[in-house]
Amino acid sequence: MSGFGTLDDWVARTIGTAHLPIREDVEAYQLRCLNETMAYARSHSPFYRSQEGWPESHTLGQLADIARLPLTTSADLVRGDPSLIALPMRDAVRLVTIPTSGTSGQQKRLFFTEADIEAIVAYFEHGMATIVRPGSSVAVAFPAQRPDSVGDLLMRGLSRFGALPVALPLDGSLDTMVGALRELQPVAIAGMPVTLGAAARRMATDGGPPLRIETALVSADSVSPSFKAALAVIWGTEVFEHWGMTETGYGGALACEAHDGLHIRETDLYLEVIDAKSGEVLPTGQTGEVVVTTLRRRGLPLIRYRTGDRGCMIETRCRCGSVLRRLRLGGRMDEPIISGKGGGLPAETIDDAIFSVEGVIDFSVELRTGRHARLSIDIVADDPWTTEAVRSALLSHPIAGPLLQSEKINIAVKLASGSPFSLCRKRRVTMMRGEE
Ligand SMILES: [Zn+2]
């Protein structure tokens, strides 16, 4: 893949350099934005005004000094009192509530202004232009019905450089979506791994005409090798990983043609990697929790927000030539889900093992810990023998197999009846605590 540029021209225009930016330009811009964000947050947001531990002077001399500021967490967003919001509610063009992963029904609340939304659309426009050509039809498998939803913002970004986005139907059955894809014959597709993986696997087994999709943008905190391999085989697709969450303003970091880490959206975000226990900033190259600070956000600025995602910064310059720093992601912080004498088993390893079985279209996993530890897997597949293949794949997996056996974890695989899963979701292992 070649012929696409990097984001650096756009970065130059955004940060205001007359030449292609060098690292010093990006860092001077980030320091300026950071100091503005700190002063703004302290004067406008009740939360930051009341937050303790801020340095006396709100002007930092260098980016690394950000480590002197306290960290913020999703609990601060859930509590919402004092509020992180820095403008009157009437200035919001979009309020987003995100359910937290716990069972408490609590929600994180975020708040975007018109200018915040514009920054998101601009990033989508210029980011997508590095992997999709003008005139290409692009299937969008994110929710796009509501104005300013992630799918809507992505479609607006794509339209700006002349790509032709079409929203896929996500609320019906998988076959409805697959039918829409065959009709559309897109050059590119964007969505979550679960959505795209299910569509590709269904197409491989349903006897319909094959489809070639050159490019896929996949948004997740980690994308398994078996997923990438399946899309390459079934659609002939080059998979570009993207990382982001509502808190980062959807966009966060995007792979380039070198596929060696994801270039960070440094026009809008400053990222750190910390030791999750001590809170200390880790040196480049060491893996820890990704912490994000928004640089231009006005509705609800986030300063040193713990994302819960695991990753590390890459030191070397990318082969694509971009000045933007890169992040290598590695799943969520709350892993491993199983720990034993032989090490830990991250959820993404289970994901990789199960999806490597060809007949698997979709699945969900539940782990019950305690005396009768049990890994229950519901799979969507056309062939009933797939259940046995999934069991074997887990037991013969070099990491998962020995651990599941040494910890005496019972594996139960069954076919899911009907199509019980939503097409647009993150795949996570549900943890249940059994009797001890
Ligand atoms: Zn690159």
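Residues numbered from 1 in each chain as written. Predicted model: local features only at pLDDT ≥ 70, side-chain atom pairs only at ≥ 80, totals over all residues. Heavy atoms only, no water.

## Quick look at the sheet that holds strand 16 (residues 362-369)
For clarity, the threshold we go by: In this scheme, strands are said to pair when DSSP sees at least two bridges between them. In this description a helix means any DSSP run of H or I spanning at least four residues, a strand means any run of E spanning at least two, and both kinds are numbered starting from the N terminus. Think of each axis as a best-fit line through the C-alpha atoms, taken over the contacting stretch in the case of a helix, with angles from 0 to 180 degrees between the N-to-C directions.
Read from one edge of the open sheet, 4 strands run 18-17-16-19, paired in mixed fashion. Edge positions in the sheet fall to strand 18 (410-415) and strand 19 (429-433), since each has one partner strand and no second. Adjacent strand axes in the sheet meet at a mean angle of 20° when their direction is disregarded. Relative to strand 18, strand 17 (residues 374-380) is paired through 6 bridges, and the arrangement is parallel.

## What to know about the coordination of the zinc ion
The criterion, for reference: For Na, K and Ca the donor cut-off is 3.2 Å, while for other metals it is 2.8 Å, and in both cases only N, O and S atoms qualify; water is not among them, so sites may look incomplete. Exposed residues in this analysis have more than 50% of their type's maximum accessible area, buried residues have under 20%, and partly exposed residues fall in between, with area computed by a 1.4 Å probe over protein chains only.
For the zinc ion, every protein donor is listed as C256 (SG), H263 (NE2), C318 (SG) and C320 (SG), and the spread of their distances is 2.0 to 2.3 Å. Accessibility expressed as a relative area gives 11% for C256, which makes it buried. Residue class for C318 comes out buried when judged on its relative accessible area of 6%.

## As for the sheet that holds strand 12 (residues 305-314)
Reading across from one edge, 4-3-5-6-7-8-9-13-12-11-10 is the order of the 11 strands in this open sheet, with mixed pairing throughout. Every other strand in the sheet has two partners, leaving strand 4 (164-167) and strand 10 (269-274) as the edge strands with one partner each. Going across the sheet, the axis of each strand differs from the next one's by a mean of 35°, ignoring polarity. Of the strand pairs in this sheet, strand 3 (residues 137-141) and strand 4 are connected by 4 bridges, and their pairing is parallel. Counterpart to S137 in the pairing with strand 4 is L164.

## Remarks on the environment of I338
We apply this condition: Every residue pair with non-hydrogen atoms within 4.5 Å of one another is taken to be in contact.
As for its placement among the helices and strands, I338 is situated in strand 14 (residues 338-340). The class for I338 is buried, based on a relative accessible area of 7%. On a C-alpha basis, the gap between I338 and A129 in space is 41 Å, while along the polypeptide they are 209 residues apart. With sequence-adjacent residues up to four places away left out, I338 is seen in contact with G343, G344, L345, L367, L403, L404, E407 and I409.

## Concerning helix 10 (residues 347-355)
Burial runs high along helix 10: 8 of the 9 residues are buried. Inspection of helix 10 places A347, T349, I350, D351, D352, A353, I354 and F355 among the buried residues, and these make up the whole buried set.

## Some remarks on unusual backbone geometry
In this chain, D81 is followed by P82 through a cis amide linkage whose omega measures 0°. Along the polypeptide, P82 turns up in the loop between helix 4 (74-79) and strand 1 (94-99). One non-glycine residue with positive phi stands out, namely R304, at about 55°.

## Some points on the environment of V187
With respect to the helices, strands and loops of the structure, V187 is situated in the loop between helix 7 (174-184) and strand 5 (188-191). Along the backbone, V187 and V365 are 178 residues apart, and their C-alpha atoms lie at a distance of 32 Å.

## Focus on the domain arrangement of the protein
Inclusion rule: In this entry, domain limits derive from an automatic or database-based domain assignment. Defined in terms of a 1.4 Å probe, buried area is the accessible area two parts forfeit on being brought together, summed over both. Each reported salt bridge corresponds to a side-chain nitrogen of Lys or Arg within 4 Å of a carboxyl oxygen of Asp or Glu.
Taken domain by domain, the protein consists of domain 1 (8-117 + 252-332), domain 2 (129-243) and domain 3 (338-433). Across the boundary between the two partners, domain 2 contributes 23 residues, which contact 17 residues of domain 3. Between domain 2 and domain 3, the buried area comes to about 1700 Å², and carbon and sulfur atoms account for 60% of it. Interface area lost by domain 2 to domain 3 is led by M192, V194 and R201, which between them contribute 37%. Across the contact surface, domain 2 and domain 3 share 1 salt bridge.

## Remarks on the nonpolar core
One broad trend across soluble globular proteins is that nonpolar side chains are buried collectively. As a reminder, the rule being used: We define a nonpolar core as any set of buried Ala, Val, Leu, Ile, Met, Phe, Trp, Tyr and Cys residues linked to one another through side-chain atoms lying within 4.5 Å.
W243 and L271 are the most contacted members of the largest nonpolar core, which has 75 residues in total. Looking at which domains feed residues into this core, each of domain 1 (8-117 + 252-332) and domain 2 (129-243) supplies at least three. Counting 58 residues, the second-largest nonpolar core is a separate cluster that includes A216, V360, V365 and A373.

## Observations regarding helix 8 (residues 193-205)
Note the cut-off: Here the expected length of a helix is defined as 1.5 Å per residue gap, with one fewer gap than residues.
For helix 8, spanning 13 residues, the distance from its first C-alpha to its last is 18 Å, which sits close to the expected 18 Å at 1.5 Å a residue. The buried fraction of helix 8 amounts to 11 of the 13 residues, a majority that puts the element mostly inside the structure. Within the span of helix 8, buried status applies to P193, V194, T195, L196, G197, A198, A199, A200, R201, R202 and M203. Backbone geometry just after helix 8 places G207 at a positive phi near 80°.

## Quick notes on the packing of helix 7 against helix 8
As a reminder of what qualifies: Throughout, the term roughly parallel applies to angles under 35 degrees, roughly antiparallel to angles over 145, roughly perpendicular to angles from 65 to 115, and oblique to all others. Just so you know the grouping, Ala, Val, Leu, Ile, Met, Phe, Trp, Tyr, Cys and Pro go in nonpolar, Asp, Glu, Lys and Arg go in charged, and all remaining residues, Gly too, go in polar.
Running from N to C, helix 7 and helix 8 point in directions that differ by 80°, and their axes come no closer than 10 Å. Our classification of the angle between helix 7 and helix 8 gives roughly perpendicular. Of the residues in helix 8, those touching helix 7 at L174, D175, M177, V178, L181 and R182 are T195, A198, A199, R202 and M203. Across the contact of helix 7 with helix 8, the residue classes tally to 7 nonpolar, 1 polar and 3 charged.

## Re the packing of aromatic side chains
The condition that has to hold: When the centres of two rings from Phe, Tyr and Trp lie within 6.5 Å, Trp using its six-membered ring, the rings pair. Their planes under 30 degrees apart give stacked, over 60 give edge-to-face, and anything left gives tilted. Here, over-ring charges are defined by two tests on the NZ atom of lysine or the CZ atom of arginine: distance to the ring centre within 6 Å, and angle to the ring normal within 35 degrees.
Scanning all chains against the criterion turns up 6 aromatic pairs. Here Y123 and F124 contribute two aromatic rings whose centre-to-centre distance is 6.4 Å and whose plane-to-plane angle is 45°, an arrangement assigned as tilted. As far as the burial class goes, Y123 and F124 line up, both buried. Clustering of aromatic rings is evident, with ring pairs tying together W10, Y123 and F124. Of note, R201 hangs over the ring of F355, and the distance from its end group to the ring centre comes to 4.2 Å. Its end group placed over the ring of Y40, R298 keeps NZ or CZ at 4.3 Å from the ring centre.

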